[in-house]
Amino acid sequence: MIINQWVPAAHKGDAIGDSARRVRDLLRQSGHDADVYALTIDDALKDDVRAFRDAGATRGDLTIFHYALPSPMTEAFGALPHGRVLQYHNVTPAAYFAPYDPALFRLAALGRRELATLVGRVDLALGDSEFNRRELELLGFERTGVFPIAVDTARITQKVDRPALTEMLDDGLVNFLFVGRIAPNKKIEDHIRLAEVYKRYVDAYYRFIFVGRYDVVPRYYATIRALMTDFRLLHDRFIFTGPVPDEELAIYYQHSAVYISLSEHEGFCVPLVEAMAADVPVLAYAAAAVPDTLGGAGVQFAPKDLEVAAELLGELAFDDGVRERVIAGQRRRLLDFGDDRIARELASLVNTLS
């Protein structure tokens, strides 16, 4: 069977594109003719992803369209005669961008409107979390299901040697990690407020590390820096790395005491799975798809009481018994994201639509 996947943009390190390529490889292992097609492709992926203008893009027996932003692919997908599988990765609600970036506000608003144009024009609509599936159902998609992102955890657990970075991270401070774009829905300002509470009531020897692009919403990033100044926090205790190669990302995970998520809107949140794979205890605000991805793992809390969060953070950082129990639960949950389960669900998907 020919099974194509469409992604608007193929960027190395992007969760959606990485998942699509991993799914493609699993499909090939099962004997299918499988390829990934994209409108724009990083130079590093030119030999691994095919251009959407290739005639083969529309010749699939099944076509899986990964939707996260508006693009010309949407209408082309809706026009296919059969085998249309939508995989929805969510669109950040436009309201988060309103105070900071009109262009991103417009893009997000268009993204949600364009998604609705596919109602009644797909054979199956999948969310990569139950949270996303419910949103599809509310929009009017009739046949829905859940298919999780296929996360490549090997890049996090690989053995790497970066002596200078390791020495910096092992200087006696306790490292707290966040991975992702510095964007309004991630609520990075709450990390800064948490740091102020943690410093005041728990421990002054800490460091918050933010790995990911901070130039996506410049005005938002500026407000974060301003808040740090307002609190008179030590700026060297807050590291904003920008994008890093996989080898450095692995080091950041492996030398962090706790992974923190205070986001208020996630469609899946790949770093939660990566943290579990690295045996880093997770402290997460239980919002949007975060409970779906963690299952019962990690330490989840709601409402967002930062004094409670600071106490929990201290326990995860310093109580070995608590850490061991949380890590054991995360290891059990991680099994749900392994290749064997993904392969089984792929086989079920293909059998359902073939």
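As a reminder, the structure under discussion sits directly above these lines.
Here the structure is a predicted model, which means the values were calculated and not measured. Starting afresh in each chain, residues are numbered from 1 along the sequence in its written order. Given that the model is predicted, a residue must reach a pLDDT of at least 70 before its local features are reported, and side-chain atom pairs must reach 80 or more before they are shown or counted; all residues, however, enter totals for whole chains, interfaces and linings. Excluding hydrogens and water, the side-chain figures rest on all heavy atoms present in the structure.

A. Region of interest: the overall build of the protein chain. What the protein chain contains, in helices and strands, is 14 helices and 13 strands. Expressed as lengths along the three principal axes of its C-alpha atoms, the size of the protein chain is roughly 60 × 40 × 35 Å. Three labels apply to residues, based on accessible area from a 1.4 Å probe with only protein chains included: buried if under 20% of the type maximum, exposed if over 50%, partly exposed otherwise in between. Burial analysis of the protein chain (354 residues in total) assigns 54% to the buried set. Within the protein chain, contacts between residues at least 6 apart in sequence are counted, and of these 69% link residues at least 24 apart. Per-residue accessibility takes into account occlusion by the displayed protein chains alone, with areas from the Shrake-Rupley method and a 1.4 Å probe. Carbon and sulfur atoms make up 50% of the accessible area of the protein chain, which amounts to about 15400 Å² in all. In DSSP terms, a helix is any run of H or I states spanning at least four residues, a strand is any run of E spanning at least two, and both are numbered starting from the N terminus. Residue contacts follow a heavy-atom distance rule, with two residues in contact if any of their heavy atoms lie within 4.5 Å.

B. Layout of helix α7 (residues 188–201). Multiplying 1.5 Å by the residue count of a helix minus one yields the expected span of that helix. In a regular helix each residue adds 1.5 Å, so 14 residues correspond to 20 Å; α7 covers 20 Å between its end C-alpha atoms and thus fits that length. For α7, the buried fraction is high: 10 of the 14 residues fall into the buried class. Within α7, the full set of buried residues consists of I188, E189, D190, H191, I192, L194, A195, E196, V197 and Y198. Structurally, α7 contributes buried residues whose contacts are with β8 (174–179), β9 (206–211), α8 (218–230), β10 (238–242), β11 (258–261) and α12 (306–318).

C. Structural view of the packing of aromatic side chains. Each pair of aromatic rings taken from Phe, Tyr and Trp, with Trp reduced to its six-membered ring, is defined by centres within 6.5 Å and is described as stacked if the planes are under 30 degrees apart, edge-to-face if over 60, and tilted in the remaining cases. In this structure the tally under the stated criterion is 20 aromatic pairs. With a centroid separation of 5.9 Å and an interplanar angle of 90 degrees, the aromatic rings of F268 and F337 are classed as edge-to-face. Of this pair, F268 sits in the loop between β11 and α10 (270–277) while F337 is found in the loop between α13 (320–334) and α14 (339–353), placing the two residues 69 residues apart along the sequence. F268 sits in the buried class, given a relative accessible area of 5%. By relative accessible area, which is 6% here, F337 ends up buried.

D. A look at the pairing of strand β6 (residues 124–127). Alternating positions in β6 separate into two faces, L124 and L126 on one and A125 and G127 on the other, with burial throughout. Each pair of strands is called paired provided DSSP finds at least two bridges between the two strands. In this structure, strand β5 (residues 84–88) lies alongside β6, joined through four bridges in parallel fashion. When the bridges of β6 are listed, L86 appears paired with A125. Handedness of the β5-helix α3 (residues 102–116)-β6 crossover: right-handed. Alignment of β6 against strand β7 (residues 144–146), held across three bridges, turns out to be parallel. Counterpart to G127 in the pairing with β7 is V146. Note that the unit made of β6, helix α4 (residues 130–139) and β7 has a crossover that is right-handed. The handedness of a crossover follows from its direction of travel: if, with the strands pointing away from the viewer, the path from the first strand over the helix to the second runs clockwise, the crossover is right-handed.

E. Geometry of empty space enclosed by the protein. Cavities and pockets were defined on a 1 Å grid built from protein atoms only: a cavity is a group of points that admits a 1.4 Å probe but offers it no way out, a pocket is an open group of points flanked by protein on both sides within 12 Å along at least five of seven lines, and a lining residue is one with an atom within 4 Å of any such point. Grid points are joined across faces, edges and corners, and a volume is the space filled by probe spheres set on the points. In the structure shown here, the tally under the stated rule is one cavity of 30 Å³ or more. What lines the largest cavity is Q5, V23, I64, H66, V85, Q87, L126, F147 and L349.

F. Main features of a negative patch on the surface. A patch consists of residues whose relative accessible area exceeds 30% and which take part in no salt bridge; residues with like charges are grouped when within 9 Å of each other, and nonpolar side chains (Val, Leu, Ile, Met, Phe, Trp, Tyr) when within 5 Å. Salt-bridge detection follows one rule: a side-chain nitrogen of Lys or Arg within 4 Å of a carboxyl oxygen of Asp or Glu. Counting rule for charge: Lys and Arg are taken as positive, Asp and Glu as negative, and neither His nor the chain ends is counted. Where a charge lies is defined by one atom per residue type, namely NZ (Lys), CZ (Arg), CG (Asp) and CD (Glu). Together, D305, E307, E311, E315, D319, D320 and E324 make up a negatively charged patch on the protein surface. Of all the elements in the fold, those that place two or more residues in the negative patch are α12 and α13. When residues of the negative patch are assigned to their parent elements, the largest contribution, three residues, is made by α12. Position of E311 among the secondary structure elements: in helix α12.

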